[in-house]
Amino acid sequence: MRLRSLGIALAATAALIALPATHPPAAAADTPLSQGKTATASSTENAGTAAAKAVDGDTGTRWSSAAADDQWFQVDLGATASVTQVVLNWETAYGKDYKVQMSTDGTDWTDLKSVTGSDGGVDTLDVSGQGRYVRMLGVHRATPWGYSLWEFQVFGSTSGTQPTCGTANAAQGRPATASSTENAGTPASAAFDGDTGTRWSSQASDPQWLQVDLGSVQDLCKVDLNWETAYGKDFQIQASADGQSWSTLKSVTGATGGTASYDVSGSGRYLRIHGTARGTGYGYSLWEVAVHTGSTGTPPVQGGGDLGPNVIVVDPSTPDLQKKFDDVFARQESSQFGTGRYQFLLKPGTYNGINAQLGFYTSVSGLGLNPDDTQINGDVTVDAGWFNGNATQNFWRSVENLAIRPSNGTDRWAVAQAAPFRRIHVQGGLNLAPNGYGWASGGYIADSKIDGTVGPYSQQQWYTRDSSVGGWTNGVWNMTFSGVQGAPATNFDSGPYTTLDTTPVSREKPFLYLDGSAYKVFVPARRTGVRGVSWPADAGTSIPLDQFYVVKPGATAATINQALAQGLNLLFTPGVYHLDRTIDVTRANTVVLGLGLATLVPDNGVDAMHVADVDGVRLAGFLIDAGPVNSDTLLRIGTPGATADHSANPTTMQDVFVRIGGAGPGLATNSVVVDSDDVIIDHTWIWRADHGSGVGWETNRADYGLRVNGDDVLATGLFVEHFNKYDVYWNGERGRTIFFQNEKAYDAPNAAAITHDGIVGYAAYKVADSVTTHEAWGLGSYCNYTADPSIVQAHGFQVPATAGIRMHDLLVISLGGKGQYAHVVDDTGAPTSGTDTVPSKVTRFP
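Before going into details, it helps to say that this report is about the structure given with it. (Residues numbered from 1 in each chain as written. Predicted model: local features only at pLDDT ≥ 70, side-chain atom pairs only at ≥ 80, totals over all residues. Heavy atoms only, no water.)

1. Brief notes about the overall build of the protein
Reasoning step 1: Looking only at helices and strands, the protein features 3 helices and 57 strands.
Reasoning step 2: The C-alpha atoms of the protein give a radius of gyration of 30 Å, which matches the 28 Å a tight globule of 846 residues would have.
Reasoning step 3: Expressed as lengths along the three principal axes of its C-alpha atoms, the size of the protein is roughly 90 × 60 × 55 Å.
Reasoning step 4: Looking at the protein as a whole, 59% of its 846 residues qualify as buried. (Helix = DSSP H or I, 4+ residues; strand = E, 2+ residues; numbered from the N terminus. Rg over C-alpha atoms; globule rule 2.2 N^0.38 Å. Buried < 20%, exposed > 50% of the residue type's maximum accessible area, 1.4 Å probe, protein only.)

2. Re the sheet that holds strand E48 (residues 728–730)
Reasoning step 1: Read from one edge to the other, the open sheet built from 9 strands follows the order E38-E40-E42-E44-E46-E48-E52-E54-E56, with strand pairing classed as parallel. The sheet is open, and its two edges are formed by strand E38 (583–585) and strand E56 (820–825), each paired on a single side. Strand-to-strand, the axes of this sheet are offset by a mean angle of 25°, without reference to chain direction.
Reasoning step 2: As paired strands, strand E44 (residues 668–674) and strand E46 (residues 704–708) are joined by 4 bridges and run parallel to one another. Within the sheet, the bridge partner assigned to valine 673 lies in E46 and is arginine 707. (Pairing = 2+ DSSP bridges. Axes fitted to C-alpha atoms, helices over the stretch in contact; angles between N-to-C directions.)

3. Re the state of the cysteines
Reasoning step 1: All told, the structure shown has 1 disulfide when counted by the stated rule.
Reasoning step 2: Here cysteine 165 engages in a disulfide with cysteine 221; their sulfurs sit 1.9 Å apart. Linking cysteine 165 and cysteine 221, the disulfide has an S-S dihedral of approximately 85° and is accordingly described as right-handed. One end of the pair, cysteine 165, is in strand E8 (residues 164–165); the other, cysteine 221, is in strand E11 (residues 208–227), with 56 residues separating them in the sequence.
Reasoning step 3: Classification of cysteine 165 by relative accessible area gives partly exposed; the value is 38%.
Reasoning step 4: Overall, cysteine 221 belongs to the buried group, its relative accessible area being 15%. (Disulfide = S-S within 2.5 Å.)

4. Comments concerning the sheet that holds strand E32 (residues 518–524)
Reasoning step 1: Strand order in the open sheet formed by 3 strands is E31-E32-E34, with antiparallel pairing between adjacent strands. The sheet is open, and its two borders are formed by strand E31 (511–515) and strand E34 (540–544), each paired with just one other strand. Neighbour-to-neighbour, the strand axes of this sheet turn through a mean angle of 40°, independent of strand direction.
Reasoning step 2: As paired elements, E31 and E32 share 5 bridges and run antiparallel to each other. Following the sheet pairing, tyrosine 513 is matched in E32 by lysine 520.

5. Considerations on the side chain of arginine 341
Reasoning step 1: Locating arginine 341 in the fold gives a position in the loop between helix H2 (321–332) and strand E17 (342–346).
Reasoning step 2: It turns out arginine 341 is buried and unbridged, and the closest side chain with the opposite charge, aspartate 625, is 5.5 Å from it.
Reasoning step 3: Within the local environment of arginine 341, its side chain forms a polar contact with the backbone oxygen of leucine 597, the two atoms lying 3.3 Å apart.
Reasoning step 4: Sequence-distant contacts of arginine 341, defined by excluding residues within four places in its chain, comprise Asn310, Tyr361, Pro574, Gly575, Val576, Gly596, Leu597, Thr599 and Arg659. (Lys, Arg positive; Asp, Glu negative; His and termini not counted. Salt bridge = Lys/Arg side-chain N within 4 Å of Asp/Glu carboxyl O. Polar contact = N/O pair within 3.5 Å; in protein donor to acceptor, adjacent residues only side chain to side chain. Contact = heavy atoms within 4.5 Å.)

6. Some remarks on the pattern of salt bridges
Reasoning step 1: If you walk through the whole model with that rule in mind, you get 36 salt bridges.
Reasoning step 2: Put simply, arginine 422 and aspartate 682 hold a salt bridge, and the shortest N to O gap is 3.1 Å. With arginine 422 in strand E23 (residues 421–426) and aspartate 682 in strand E45 (residues 680–688), the pair connects residues that are 260 residues apart, well separated along the chain.
Reasoning step 3: The salt bridge partner of aspartate 727 is lysine 744, with a shortest N-O separation of 2.7 Å. Note that aspartate 727 is positioned in the loop between strand E47 (714–721) and E48 and lysine 744 in the loop between strand E49 (735–743) and strand E50 (755–756), a separation of 17 residues in sequence.
Reasoning step 4: Judged by relative accessible area, lysine 744 falls into the buried class, the value being 3%.
Reasoning step 5: What emerges from the salt-bridge pattern is a single network uniting Glu400, Arg422, Arg465, Asp466, Glu508, Lys509, Arg527, Asp655 and Asp682.

7. Considering the nonpolar core
Reasoning step 1: One finds Leu570, Phe572, Ile583, Met609, Leu619 and Tyr765 to be the most contacted residues of the largest nonpolar core, which totals 83 residues.
Reasoning step 2: Non-local contacts of leucine 570, meaning those with residues more than four positions away in its chain, are made with Phe548, Tyr549, Val551, Ile560, Ala563, Leu564, Ile583, Val591, Val592 and Leu593.
Reasoning step 3: Trp413, Phe421, Val469 and Phe481 belong to the second largest nonpolar core, which has 37 residues in total. (Core = buried A, V, L, I, M, F, W, Y, C linked by side-chain atoms within 4.5 Å.)

Structure follows, in structure tokens:
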């Protein structure tokens, strides 16, 4: 209840009584699209000022909020509409500063109009946009009370055909869950089996709920309930896009059981009946629940089709094939921050005399089901001539799923971070150093067989997983192996090697291949206790291309989300995609696969991608590039507080790279946040730029690289560099990391800028104090404090000193004496000193 002085209260009452006669009607004469539609709000002052009162066409009733800022009022138009005008008829308690926003899904919002300095009364706003949901987002109130609207009117036209409500039951046979069941004979599924002789019943207590997963986000228009004798008296029909956040479509009080139908308006993938008061002394019991869906007239997104302009598909008979490789290399050799993106796809067959040199944002992949189906008698080469023999910036390129018989017996792959070498059969040796053996800072090999010897030579660090090698020579600082046949034995005390016999859990990256003339995406199966390559056994499943939305340059986030809501997977073709809203992946087992380092750029401070807390999502092969307006989190996997067990079917993040700055100013508080349990992070480079354009301590500020809140998360091949605070902050239990490479931020202006809790410098890899179990192998952190070489960082790694924490083979290095480390981990390990880049090591902690 509002507390007002008597004089103000009387004045407000007088204004209220007079208002219907003195306030002009809405400017537009037509019936608004919003009238009578479902309305919701962040809060209501009391039961008499519900959200529905502002869309009832009656200027004597109103919605009013709690007395606080950051309040909103929202209406669901029931269908996608082209909106041309919004009219806000304010009560005395009006909004001074507010925004009118639009959304296609009720989750991601676009500003239609920002209003500052409103004087109340009637605000008539001309706008332009398409969407289903429109809201007023209050920023600042003009009075001490809440926001209050007599009417909120939206004008325009619906797109396409008016929505119709279908007669089919979208819930029949779909997966169902419930808060409880009375016994094994009354499961949740019985209310959705189409059999009126079976039922769900709950325990005899309030509240209880029954929920069904429709499989994709759908427009919901009617729900039929067939109650058994034990019915619900008071309940809500609710919908959710992710099974976590719920909106109420209908509140029912005083129901009497039996069979009843309820018209609703909203959208969601999940629908639930949330009972708050039973009609009997027993539980809730439903024979059947039917859910009806409608069509808004928006045409569906089509799956399949061609692969777009930047995918180059070739076969051994393609004319001038070498010239095609050479032309792309000429464009991409030194285009470190350019916009060109290219994918070569090689049909199965034998290619003779080819030297495919790979520059930036160029990928070469075979289209066979197995690497040996695509044979190159020649080379796939990365060298560093463009950078005077220095390979430390040979980023963002890849080769995958083919066999190479090198022309001189040894192939050259002189790369740095974000340059995966996957599923390759090298019928010879592999040289990881540039011509002349200049500096090199890589890299990653997985699921590959190298018949000859791998020579890393000048490579500072490298991680190899689930592969076989004929031999491995030397190494500089940190060479880590898991599940690699032929790998050298661990010698970290005196050398660079850390070797695990097997990889605990892995699932190889999805890839595109040809089945006859049809494109499909192969999704490899999860493996445990892995050693050696996954092929040619090829356990997994194939998904036809027509089950993918083939995303091409110019596609909008709205269309991408519509495709996901329809149940399509995503195949991003090479290009740069600007996003005005977050891509929401809500369906279990969705595949999001990029070709040619497809790049997602979030605009206006939105997050780039959210993944719901569901089983088996596969994210692979794309780059997220932060925009100039700060995003809170560029990629979020799961939802805060998620606890579901995904161990049998984990979500995977593979060759997904993140960049903040370099291509221009970029800002993000968090780069990647993992809230789901059991996620596998398999090769990522999360990089706050230290060179390029838009680089500076605040210009491309990004506090955190990777934050892990989920339990049982595994990282294999983790590269994270240069963040303003913690590069990795691990807050989940039973986490494991195999190989970590890090450089601290070069541009820390002084020790004071990175001092916290009495500690100089944020650890490169911090395990939260509350964590009791964590294990990691083969970790390196380097400092290069060019802005202030006098900085002495307390340590590279910070972990709780408890029995459940086990850290193996850690090192810290001062690069050329630009700053130093006092310790390796916590207060353990000798300090670095001088300019000789000699590592300080700890082989076991605690």
